[in-house]
Amino acid sequence: MHKIIERTAYTIYVIVIILSILLFGAMHTYAYTLMTIGVLIASILVLINNIRENYKTGRYQVRLPNSSLNLGMVLLLIFLAFQITPLPESMLEVLSPQATVVGRKSLPASAMVGMGPVEPVWFPLAPYYYPVRMSFIRLTIYGLFFLGLIQVLSSKKRIDLLVWVILITGCFNAIYGLIQTYSGFEHIWWFKKHVYKGDVCGTYINRNHFAGFMEMGILLAVAFAAGLAPRKKESSTSLKRKASLPSRILDILSRQEEFTKRILIVFSGVVLGIGLIFSASRGGMIAAAGAMFLMGLLYVLRKGFRRNGLIILSLFLTTAVYAFNIGVEYPIDRFKSFYSTYEARTRYADKTIEMFEDYPIFGLGIGNFKYAYPKYQAPEDNLFIRFAHNDWAQFLAEAGVIGMGLLVGCVGYYLFKTINLWRRRNDPFAVCLGIVPVGAMTAIGIHSYSDFNLHIPANVLVLAAVMAIGHAALHLERHRRRDRMNYTYYDLPLKYRGGVVLVLIFGLIGWSGCWSIRHFAAEGYCNTVPNSTLNRDPDPLVEEIAKAIVWDEANAEYWYKLGEKLETESSKVTAQNSELNARSLKRGKDGVGVLERAVRLNPFEALYHLRLGWAYAHRWEEKDYHSKWLPAADISMARAAYFAGVKNPRLYMEMGNYWIMRSKSVYPNDSLYHEAWVKACQHYQEALRIEAIGLSAGSRKIEKEIREYVWNFYPDKEMVDECLAQGL
């Protein structure tokens, strides 16, 4: 029974790896949800399989693997949980003053008008909870995948099979990408490529993520080919003994079979190398070369394994010959623009470090980068930047010094234990495959300096699989009759400690699975995760958004979309007709309460504050309009300006429009009149300045709109010119 469960879990892990790679790198909701559920099911099977009866005592116990990553993963999960734990304001001001500022700006502006000193409120270190929760689930999945996989890799046969699966999937990806690119079809399955045309991407949308998979596959191929060398003791024994003729024939055939396997593996490495070159990913090529050099150096340092460097050299040379025959002009030309691209990505990293300086100790929350970055973004980068293109800088900003220290300590301890065990092994299979995790982590570490491979679920899964393969190879004791895994386990009695630990792990699995399914269901009604491969409705109905909120009310974008619709549509949705009922509309009868909820959840978004400010300003039918709602709108607009950064000129144009309108709500002798006029002029001028940076000289798309809006309130050409003078 135990063997059947173990085999089933192993099969699920293998299927999950393949599907994650083939489904666009598991970047989209349907793909990473499938990955998550698959890993959780397999992990449950492994846990059940680890509940066994102790044949000595007759009592049941739980066996948990003792790996060098256990403590690090637990500490990182605790750190993420701490980031979203509400803390007293006095404590938060010490740990993260900027998080306190952002947290205060999330409080409803309408409730702050006319109040005295604001009462202390508890805020978390991460101002936006939702992305940290999703990061917690991802880290749980990756950790469970690694810990489960090392347990089911219980024989050399299973290790070999998993290596072959990764290599074959990689070769398919490379060949498929080459055919798609050079046939002119330029599709990834049913999805037509809109970017990276002419570059080999395989089943990935981004060539750099495809390259990340290729570089790990190349390292695995090199090590696997080297690891199939015969063991020294067996070779010397076979030479000394004078075996019978049939035995010699079988020995020759066996060696011939191993030689054929090595040729096939080297050829697969060549295919992966060609795929890497024609992906035109400069970071991928540099990362692969650096990791290959490191692995070659480590082989040279081990006596008896120096000839394995010849395999690495032959792989390089063969790949180069094939590539030059096909033509590598384009990939080489890509390096000519290396410095221009490097300059842009260096700018992203510099701005990310500025973000880190505001949240230096505990960071702004894992996953919060894309929401907080617009405040720091350079005006010449007029794109929506979801990642810093430097995983090291981004993690430092999101996790702070404490989180980065935990990560470096975890990785450093793992590498120390791995290399220490590797030095004690002499078996070629263990020595060659056991060092692959070091090479793969080096490659991804180098590549992550200029890209974001560690945010691609499929690539993290492959990295975890490579680490599990190395871990299993280092603990494999090969014998003539049967192999044995020299693992160490924690054996905990089920009645006491084991039961508590088991409940905690099953609770973690259940919680992760529950929120993964709820997230998937919510995204089914209202898509907020970028999904270029499915033709999703970007503008769902109010009822659909309401259902999404019922499934997952922590996603601020659902609330914002709902609030925007309620504010703009003529027909309001009542609590009786809405799926939200009292839960969603408890703060107001229209979009104001819903938008306040969006701001409370995610205060980073300047657009949320802007829309909420306009929603306040549109409540002119209220009796306390001038005493409450307009001052609340002023607060929201000030918050929008705080988070706006220098990225979006239209955001500044709308803030300018508000202050023009606001200047007409008071008499000219009121002090607010001049203040509103000055703010309007400043915002308009900033809008024109930002637009001028991102557009060619003389191209001003919004100047006409600004002039028309100001003219509606001040039909005086001189005043309009004065308002825009410094921005022209």
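Residues numbered from 1 in each chain as written. Predicted model: local features only at pLDDT ≥ 70, side-chain atom pairs only at ≥ 80, totals over all residues. Heavy atoms only, no water.

Draft legend 1. The overall build of the protein chain, seen in detail. The number of helices and strands found in the protein chain is 30 helices and 7 strands. Considering only intrachain contacts with a sequence separation of at least 6, the fraction spanning at least 24 residues in the protein chain is 77%. Per element, the accessible surface of the protein chain, about 33300 Å² overall, is 62% carbon and sulfur. (Helix = DSSP H or I, 4+ residues; strand = E, 2+ residues; numbered from the N terminus. Contact = heavy atoms within 4.5 Å. Areas by Shrake-Rupley, 256 points an atom, 1.4 Å probe, with all protein chains shown as cover.)

Draft legend 2. Examining the confidence of the model for the protein chain more closely. The predicted model of the protein chain averages 86 in pLDDT, with 86% of residues at 70 or higher. Mean pLDDT per element in the protein chain: helix H23 (residues 581–585) is the minimum at 40, and helix H6 (residues 129–152) is the maximum at 97. Low pLDDT, under 50, characterises residues 233–242; the predicted model gives this stretch 4 contacts beyond four residues in sequence or across chains. Segment residues 570–589 is flagged for pLDDT under 50; beyond a separation of four residues in sequence, or across chains, it makes 30 contacts in the model. (pLDDT = per-residue confidence, 0-100.)

Draft legend 3. Just the pattern of salt bridges, in detail. Throughout the structure, instances matching the rule amount to 22 salt bridges. A salt bridge links Glu89 to Arg104; the nearest nitrogen and oxygen atoms lie 2.5 Å apart. Of this pair, Glu89 sits in helix H4 (residues 89–95) while Arg104 sits in helix H5 (residues 97–104), and the two are 15 residues apart along the sequence. Taking relative accessible area as the criterion, Glu89 reaches 6% and is therefore assigned buried. Arg689 is the salt-bridge partner of Glu686, the closest N and O atoms lying 2.7 Å from each other. (Salt bridge = Lys/Arg side-chain N within 4 Å of Asp/Glu carboxyl O. Buried < 20%, exposed > 50% of the residue type's maximum accessible area, 1.4 Å probe, protein only.)

Draft legend 4. Focus on the side chain of Ser512. Here Ser512 lies in helix H20 (residues 497–525). Assessed through its relative accessible area of 0%, Ser512 is described here as buried. Within polar-contact distance, the side chain of Ser512 engages the backbone oxygen of Leu508 at 2.9 Å. With sequence-adjacent residues up to four places away left out, Ser512 is seen in contact with Leu40, Ile137 and Thr140. (Polar contact = N/O pair within 3.5 Å; in protein donor to acceptor, adjacent residues only side chain to side chain.)

Draft legend 5. Up close: the sheet that holds strand S7 (residues 489–493). Taken in spatial order, the 3 strands make up an open sheet running S1-S2-S7, and their pairing is antiparallel. The sheet is open, and its two edges are formed by strand S1 (51–53) and S7, each paired on a single side. Averaged over all pairs of adjacent strands, the angle between their axes in this sheet comes to 35°, without regard to strand direction. With 5 bridges joining them, strand S2 (residues 60–65) and S7 adopt antiparallel strand pairing. Paired with Leu64 across the two strands is Tyr490, which belongs to S7. Across the sheet, H20 touches S1, S2 and S7, and the angle it forms with S7 is around 110°. (Pairing = 2+ DSSP bridges. Axes fitted to C-alpha atoms, helices over the stretch in contact; angles between N-to-C directions.)

Draft legend 6. Broad picture of the packing of aromatic side chains. Applying the stated criterion across every chain, the model contains 24 aromatic pairs. Considering the side-chain rings of Phe24 and Trp190, the 5.3 Å spacing of their centres and the 80° angle between planes classify their relative orientation as edge-to-face. Pair noted here: Phe24 is in the loop between helix H1 (2–22) and helix H2 (29–49) and Trp190 is in the loop between strand S3 (187–188) and strand S4 (191–192), with a separation of 166 residues, a long-range link. For Phe24, a relative accessible area of 2% gives the class buried. Members of the aromatic cluster, joined through ring pairs, are Phe79, Phe82 and Phe362. Note that Arg138 overlies the ring of Tyr32, its terminal NZ or CZ placed 4.4 Å from the centroid. (Phe/Tyr/Trp six-rings, centres within 6.5 Å; stacked < 30°, edge-to-face > 60°. Lys NZ or Arg CZ within 6 Å of the ring centre and 35° of its normal.)

Draft legend 7. Geometry of the pairing of S2. Pairing analysis gives 3 bridges linking S1 to S2, with the strands arranged antiparallel. Each bridged residue has a counterpart across the sheet, and for Arg52 the counterpart in S2 is Gln61. Taking the residues between adjacent antiparallel strands as the criterion, S1 and S2 are bridged by 6 residues, where Gly58 takes a positive phi near 80°.

Draft legend 8. Representation of the packing of helix H7 (residues 156–182) against helix H19 (residues 457–474) within the structure. Following both chains from N to C, one finds H7 and H19 inclined at 155°, their axes separated by 10 Å at the closest point. Between H7 and H19, the angle is such that the two are roughly antiparallel. The two elements H7 and H19 meet at a crossing, and its hand is left-handed. The residues of H19 that touch H7, namely those facing Ile159, Leu162, Val163 and Ile166, are Ala465, Ile469, Ala472 and Ala473. Classifying every residue of the contact of H7 with H19 by side-chain character gives 8 nonpolar, no polar and no charged. (Parallel < 35°, antiparallel > 145°, perpendicular 65-115°, else oblique. Left-handed = near helix turned anticlockwise from the far one by under 90°. Nonpolar A, V, L, I, M, F, W, Y, C, P; charged D, E, K, R; others polar.)

Draft legend 9. Fine view of the environment of Met1. With respect to the helices and strands, Met1 occurs in the segment before H1. Along the primary structure Met1 and Asn49 are separated by 48 residues, whereas in three dimensions their C-alpha atoms are 8.7 Å apart.

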